[in-house]
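The lines below spell out each chain.
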Amino acid sequence: MNLDGFETLAIHAGQEPDPLTGAVVPPIYQVSTYKQDGVGAPRGGGGTGAGRWIEGYEYSRTANPTRGALEDCLGALEGGTRAFAFASGMAAEDCLLRTVCGPSDHVLIPSDAYGGTFRLVDKVLRPWGVSYLPVPMSQPAAVRNALQDRPARLVWVETPTNPLLSIADITALADVVHEAGALLVVDNTFASPYLQQPLALGADVVVHSTTKYLGGHSDVVGGALVVTDAGLGAKIAFNQNATGAAASPFDAWLTLRGIRTLGVRMDRHCENAHRVAGMLAAHPKVAEVFYPGLPSHPGHEVAAKQMRGFGGIVSFRSAGGEAEAVALCGRTRLFTLGESLGGVESLIEHPGRMTHASAAGSALEVPGDLVRLSVGIETAGDLLEDLRAALG
Ligand SMILES: *Cc1c(COP(=O)(O)O)cnc(C)c1O
């Protein structure tokens, strides 16, 4: 029997009923330290569960059973061998970059990278001696040329990207990147493992902001790394403990609670976003719509090949320019004006002045007339009516 369908794993992986009480949900081990049975004899190591990576539980920065349950579930959902849960997506990114890169190393980042990723690389890692080059990841030939010009330690890819929803062909990039001896990292936040599994397509590391679709309810901030290579996993484990930005037990528990409904939520996010994108594409006040589910989107075919659905994020340019785009963000009633994405409730924002303000003046600056929607799972007709009224 293969009881390993995605939704089954989301509900059961890492989540065996508690051996002591039979509690069907992993308890919150809200604890910093653990009684040891003797010097050098901590409990709970080995076995087949989350304890298999450790000699036993000593201190919760190093390992905690609730965080371990989340990590095992994330590893199963992404098809990796080992996963790590962090206090935020940025903490996960920082841990990975500082595990893999050192001074004088070079990295390629997407030319429309998430603003926080750009800020981390440009403002924190560059002064430490890491150099970077923004490259359009939707063009594998551009990546190949950049790697021939200057070898890189790793290539960082987002697909779909934030906020312009461009699509990178993960399989094609894996060939190019591995040929050059670099690591392929995919930030899978926008798709979630339900829609896209980068490791199976050739990526070496998956990064998540679990704050978004995995948590799914806008009530917890977290991040994750998932790998297949055991050696890289061991290095990340060492650095996660050494630098200390691990997810707290309660945050891990909340994230795992969100993950159990990921599949049904994503289906509805995709359905609603598709309807919103279709309405916007036909609206006279909208100049351009960015949604990989539209056949007119340049990445549509690649997205259809590597994703199970096209996701819940839709961006568009207002025909009225920047001032109208800003004003529009204040006129919706259901779409709440706010940063972040991936929760059950719909959000609207102006990337140029909000999430991507830190990219202003750089190669990664986003158009001023751009509006980004995180389409929630409310009644689709209500979402369309709200947007139509706000567009006027
Ligand atoms: C939000 C986000 C991050 C950062 O995650 P945090 O949990 O906010 O630290 C990274 N990548 C993408 C694509 C994101 O949307």
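Residues numbered from 1 in each chain as written. Predicted model: local features only at pLDDT ≥ 70, side-chain atom pairs only at ≥ 80, totals over all residues. Heavy atoms only, no water.

**Looking at the overall build of the protein chain**
Heads up, the condition is: Secondary structure is summarised from DSSP: a helix means a run of H or I of at least four residues, a strand means a run of E of at least two, and numbering begins at the N terminus for each. The reference for a compact globule is 2.2 Å times residues^0.38; the radius of gyration itself is calculated from the C-alpha atoms. Here's how the labels work: a residue is buried when its accessible area is under 20% of the maximum for its type, exposed when over 50%, partly exposed in between, all with a 1.4 Å probe on protein chains only. We call two residues in contact whenever any of their non-hydrogen atoms come within 4.5 Å of each other.
In terms of regular secondary structure, the protein chain is built from 13 helices and 12 strands. Compactness check: the protein chain gives a C-alpha radius of gyration of 21 Å against a globular reference of 21 Å for 392 residues, within 12% of the reference. Along the first, second and third principal axes, the C-alpha atoms of the protein chain reach 70 × 50 × 40 Å. Considering the protein chain as a whole, with its 392 residues, one finds that 55% of them fall into the buried category. Across the protein chain, contacts joining residues at least 24 apart in sequence account for 71% of those joining residues at least 6 apart.

**What about the pairing of strand β7 (residues 223-227)?**
Condition: DSSP-based pairing: two strands are paired if at least 2 bridges between them are found.
In terms of burial, β7 is a largely internal element, five of the five residues being buried. Side chains Gly223, Leu225 and Val227 project from β7 onto one buried face, and the interleaved Ala224 and Val226 project onto a second face that is buried too. Relative to β7, strand β1 (residues 82-86) is paired through five bridges, and the arrangement is antiparallel. Each residue of the ladder has a partner; that of phenylalanine 86, found in β7, is glycine 223. Direction of pairing for strand β6 (residues 205-209) relative to β7: antiparallel, over a ladder of five bridges. Looking at the pairing, valine 205 lines up with valine 227 of β7.

**Overview of the pairing of strand β4 (residues 154-158)**
The element β4 is extensively covered by neighbouring structure, given that five of its five residues are classed as buried. Burial of the side chains of β4 extends over both faces: Leu154, Trp156 and Glu158 are buried on one face and Val155 and Val157 on the other. Here two bridges tie strand β2 (residues 106-110) to β4, and the two strands are oriented parallel to one another. Looking at β4, one finds that valine 107 is bridged to leucine 154.

**Remarks on helix α4 (residues 115-125)**
The buried count for α4 comes to eight of 11 residues, which makes it a mostly enclosed element. All of the buried residues in α4 are Gly115, Gly116, Thr117, Phe118, Leu120, Val121, Asp122 and Leu125. Buried residues in α4 make contact with α3 (89-100), β2, β3 (131-135) and β4.

**What about the environment of glutamine 36?**
With respect to the helices and strands, glutamine 36 occurs in the loop between α1 (6-12) and α2 (65-78). On the accessibility criterion, glutamine 36 (32% relative accessible area) is partly exposed. For the pair formed by glutamine 36 and alanine 234, sequence separation is 198 residues and the distance between their alpha carbons is 24 Å. Filtering out sequence-adjacent residues up to four positions away, glutamine 36 remains in contact with Ala41, Pro42 and Glu58.

**Examining the sheet that holds strand β9 (residues 313-318)**
Overall, mixed pairing links the five strands, which are arranged β8-β9-β12-β11-β10 in an open sheet. At either end of the open sheet lies a strand with only one pairing partner, and these are β8 (286-290) and β10 (336-337). Bridge count between β8 and β9: four bridges; the pairing is antiparallel. Paired with valine 289 across the two strands is phenylalanine 316, which belongs to β9.

**Let's talk about the packing of aromatic side chains**
Worth spelling out the cut-off: In summary, the pairing rule links any two rings of Phe, Tyr or Trp, Trp by its six-membered ring, whose centres are within 6.5 Å, and it sorts them by plane angle into stacked for under 30 degrees, edge-to-face for over 60 and tilted for everything else. Geometrically, a lysine NZ or arginine CZ counts as sitting over a ring once it is within 6 Å of the ring centre and also within 35 degrees of the ring normal.
Inspection of the entire model under this criterion finds four aromatic pairs. Over the face of the ring belonging to phenylalanine 6 we find arginine 308, whose NZ or CZ atom lies 6.0 Å from the ring centre. Arginine 308 extends its terminal NZ or CZ atom over the ring of tyrosine 194, reaching a point 3.8 Å from the ring centre.

**Brief notes about the domain arrangement of the protein chain**
Note the threshold: Domain segmentation is taken from an automatic or database assignment of domains. Note: buried area is the sum, over both parts, of the accessible area (probe 1.4 Å) each one loses when the two are combined. What counts as a salt bridge is simple: a side-chain nitrogen of Lys or Arg found within 4 Å of a carboxyl oxygen of Asp or Glu. N or O atoms closer than or at 3.5 Å make up a polar contact, with two conditions inside protein: a donor-capable atom paired with an acceptor-capable one, and, for residues adjacent in sequence, both atoms drawn from side chains. Lys, Arg, Asp and Glu make up the charged group, whereas Ala, Val, Leu, Ile, Met, Phe, Trp, Tyr, Cys and Pro make up the nonpolar group; the residues left over, Gly among them, are polar.
The domains assigned to the protein chain are domain 1 (6-259) and domain 2 (262-391). Here the C-alpha centre of domain 2 lies 26 Å away from the C-alpha centre of domain 1. Across the boundary between the two partners, domain 1 contributes 40 residues, which contact 41 residues of domain 2. Three residues stand out in domain 1 for area buried against domain 2, namely Tyr194, Leu195 and Tyr213, and they jointly supply 25% of the buried area on that side. Seen at the junction of domain 1 and domain 2, the total is one salt bridge. Connecting domain 1 to domain 2 are 16 residue pairs in polar contact (both at pLDDT 80 or more). Sorting the residues of the side of domain 1 that touches domain 2 by element identifies α1, α4, α7 (192-195) and α9 (249-259) as the ones contributing at least two each. Broken down by element, the side of domain 1 that touches domain 2 gets its largest block of residues, four residues, from α7. Residue composition of the side of domain 1 that touches domain 2, by class: 22 nonpolar, 13 polar and five charged.

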